[in-house]
Structure formats: structure tokens, C-alpha cells
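Okay, here's what each chain looks like letter by letter:
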Amino acid sequence: MKDRYILAFETSCDETSVAVLKNDDMLLSNIIASQIESHKRFGGVVPEVASRHHVEVITACINDAIESAGITVSDLTAVAVTEGPGLVGALLVGVAAAKAFAWAHDLPIIPVNHMAGHLWAARQVRELEFPLLALLVSGGHTELVYMAEKGDYKIIGETRDDAVGEAYDKVGRIMNLTYPAGKEIDALAHAGKDVFNLPRAMMKHDDPALEFSFSGLKSAVINLAHNADQKGETLDKSNLAASFQAAVLDVLIAKTKTALATFPVKMLVVAGGVAANQGLRERLAAEITDIPVVIPPLRLCGDNAGMIAYASVCEYNRDNFAGLDLNAKPSLAF
Ligand code: KG4
Ligand code: ZN
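Residues numbered from 1 in each chain as written. Chains lettered and ligands numbered in written order. Predicted model: local features only at pLDDT ≥ 70, side-chain atom pairs only at ≥ 80, totals over all residues.

S.K.: Where do I start with the sheet that holds strand β10 (residues 293–294) in this structure?
M.R.: Through backbone hydrogen bonds, the strands of a sheet pair up, either in parallel or in antiparallel fashion. Ordered by their spatial adjacency, 5 strands build an open sheet running β8-β7-β6-β9-β10, and the pairing between neighbours is mixed. In the strand order of this sheet, the two ends are held by β8 (154–158) and β10, each with one partner. When strand β6 (residues 132–137) meets strand β7 (residues 142–147), the two strands line up antiparallel, connected through 6 bridges. Among the inter-strand pairings, Leu 136 is bridged to a residue of β7, identified as Glu 143. Sheet contacts for helix α8 (residues 237–262): β6, β7, β8 and β9 (267–271); angle to β6, the most-contacted strand, approximately 160 degrees. (Pairing = 2+ DSSP bridges. Helix = DSSP H or I, 4+ residues; strand = E, 2+ residues; numbered from the N terminus. Contact = placed C-beta atoms within 7 Å. Axes fitted to C-alpha atoms, helices over the stretch in contact; angles between N-to-C directions.)

S.K.: Explain the nonpolar core to me, please; I cannot follow it from the model alone.
M.R.: When a protein is soluble and globular, its nonpolar side chains tend to lie buried together. Counting residues in each nonpolar core, the largest one holds 101 residues, and the members touching the most others are Ala 8 and Ala 271. Considering every element that reaches this core, the biggest residue donor is α8, with 11 residues. No fewer than three residues from each of domain 1 (5–120 + 301–317) and domain 2 (130–295) sit in this core. Contacts of Ala 8, omitting those with residues within four sequence positions, involve Val 18, Ala 19, Leu 21, Ala 80, Ala 305, Ile 308, Ala 309 and Ser 312. (Core = buried A, V, L, I, M, F, W, Y, C linked by C-beta atoms within 7 Å. Buried ≥ 20, exposed ≤ 12 C-beta atoms within 10 Å, placed from the backbone. Domains from an automatic or database assignment.)

S.K.: Could you clarify how one ought to interpret the site of ligand 1 in this entry?
M.R.: Taken together, 19 residues surround ligand 1, and among them Ser 138, Gly 139, Gly 165, Gly 182 and Gly 273 come closest. Among the secondary structure elements, those contributing two or more residues to the shell around ligand 1 are α5 (164–174) and α6 (182–191). Split by residue class, the shell around ligand 1 holds 6 nonpolar, 9 polar and 4 charged. Residue contributions to the shell around ligand 1 reach at least three from each of two domains, namely domain 1 (5–120 + 301–317) and domain 2 (130–295). (Near = placed C-beta within 6 Å. Nonpolar A, V, L, I, M, F, W, Y, C, P; charged D, E, K, R; others polar.)

This is the structure:
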């Protein structure tokens, strides 16, 4: 059979990324241009700034991805692109670039859901087996997804308010850490102790078993910091980070265990930016031992086009192609 090469685009938030995947599992290149330095001073991603940066670097990323893959444009079989969810202006840059490239080189376009991309990043580690359960934890989403088979995504639980990554970033702001704060809180947590007894939401027996809520936890940290401030005390940053992280991880692990007990599966995938969390990785390894737990390597946990390429394979095999009328879908769900 002829080799298949997919050129994938990801621009849903603050990373401009283009990748080349050969056949099902050979990621030949995965160029990631991060804009984080431009957003840090605002304490979050500024949509307009994000779109402008994507426009500036997307062409260089395309050329880099093709060149570092060691192929030429004529080798390509298809173009894949994140159609949503994400920031509309940011998504539009990737969608427009992918459509222009596909039109110019007469290639089919594969539309990909960004969260399916996070999940399929696990394909870098090993072949996925179905049924599977995925815990997807990122800056914008926190969801448990059941996949009976390839391409069949069913959300069985999600957050009612903040996403986990969002909670990390908001708590980081209270602690005067730079955005995004997940990695730093994770590191601080390792040096501290869970002494502040922060709330674990949605854990009572009559609460929805697979739903999450993290906004109360964020408010509890705000109150703690405010009370300490009024008393002229300073909170120990490591202990605060450890207490916050323990509360988050207790909930993530408990809900995942409940989901696994309700939906027997062959493997658990844990993916998204927060899957980079060392504390989460340690607890998963210690507490979920009866099925394989597949977590993408660190570089594939954050946003990147490699994950979009992996996810596009299954759409390609199902002939799920888009026309040149493809549009960005900022609130796309599974
Ligand atoms: O998946 P991602 O790169 O972008 C979205 O699609 O949202 O996730 C970014 C999020 C940020 O909120 C960041 O703080 C968080 O992932 N994050 C972490 C860690 N590394 C990144 N959260 C906790 N622990 C980490 N080590
Ligand atoms: Zn993401």
C-alpha cells in the first residue's frame, strides 16, 4: 500500500503548530510555536493577540514541518485541521491556512475536534484498544469520555464550571505566579504538605457521580489568602500548592475510578495540558493498576498539531472530509 502523509494544523489557542504524520503512527515532525511570552503579562490568553501571532508564523511553521519531515509537498495525501473548540479568531487562521493549502495542492481536508486530538496524542505511546475511557484535562475542558470504538466519543461526565487547568491558572494568579501556573504549582506542591483542608466538590453520595466542579475550590483558596492577608500573615506557598493539588487530584482520581467501575474498559487514557502534572501521573500509577493507563509524553500533552494528525487518521479512514466551506466551530462538542 502507498504511504500516507498527513499535514496537520492546530491553532485553537496560543500555540501555532503544524505536523506531518506518516501512516498511522510515525510522527515525522511536530513544529510548535508558542506565544506564551506575549500573553504572560496579561495573565491569560488575549484572543486578538493570539490570532495575529498565528497569522505571522503559520507559513514558516508549514515550511518547517514539511522540511523537517524530510518530504516534499507532492508526497502529501491530506490536510487535517482543528475546526474547534477554541478561540474563534485563532481557529480561523488554521482553518483558512489548511483550506488554502489543500486547494492549492488539490488535497482533501480532514476536520478534527481539538479534544479528540488531546485524546489521540496517546497513540504516540501505543495502539489504542476499545472500549476505552479517557480523562481529558486541559485549560478549557475537564471531561470523562467513553469510546466504545474508534470515532465514537461519548461524554459521561464533565465540569459544571471551571476546567482543571483554569483552576490551576486562577489559583496561580492568587499566588502571584506567572501564567500559565500549572507547572509551577505542581513543582511547589512536591515541596509542601496538604495542611489547609480545601474542599473536594461533588463527592457526596447524592452528588452526580461523574460531574466535576472546581470553582468552589478556587474561591476557598481566595478566602484563605484574604483571611491570611487581613491577619498580616503569609501563607506558605508550597503548602498552599500541595493542599490545592491534593484537593484536585483526590477528585480526579475518585471520579475516574467511579467511571471505570461503571464502564469496564480495556484502557484508560489521560490527556490534555494538565496530564503533564507529575502528581497526577504518580497517583494514577499507584492507584490504577488493573488496566493500562496511557498518558502522552509531556511534549504531546499541551496543544500541538501532532495530536491532531493522530486523531485525523480515524476520520480519514471513515471518509470524513470537509469542503472548502469548512468554518471554525468555537464551541464544538463531541
Ligand atoms: O491542553 P492545553 O495545553 O491547552 C488547552 O487546550 O486548554 O492546557 C493548558 C493548561 C493550562 O491551564 C496549564 O496551567 C495546564 O494545562 N498545565 C498544568 C501543568 N502543565 C500545564 N496543570 C497542572 N500541572 C501541570 N504540570
Ligand atoms: Zn488543548
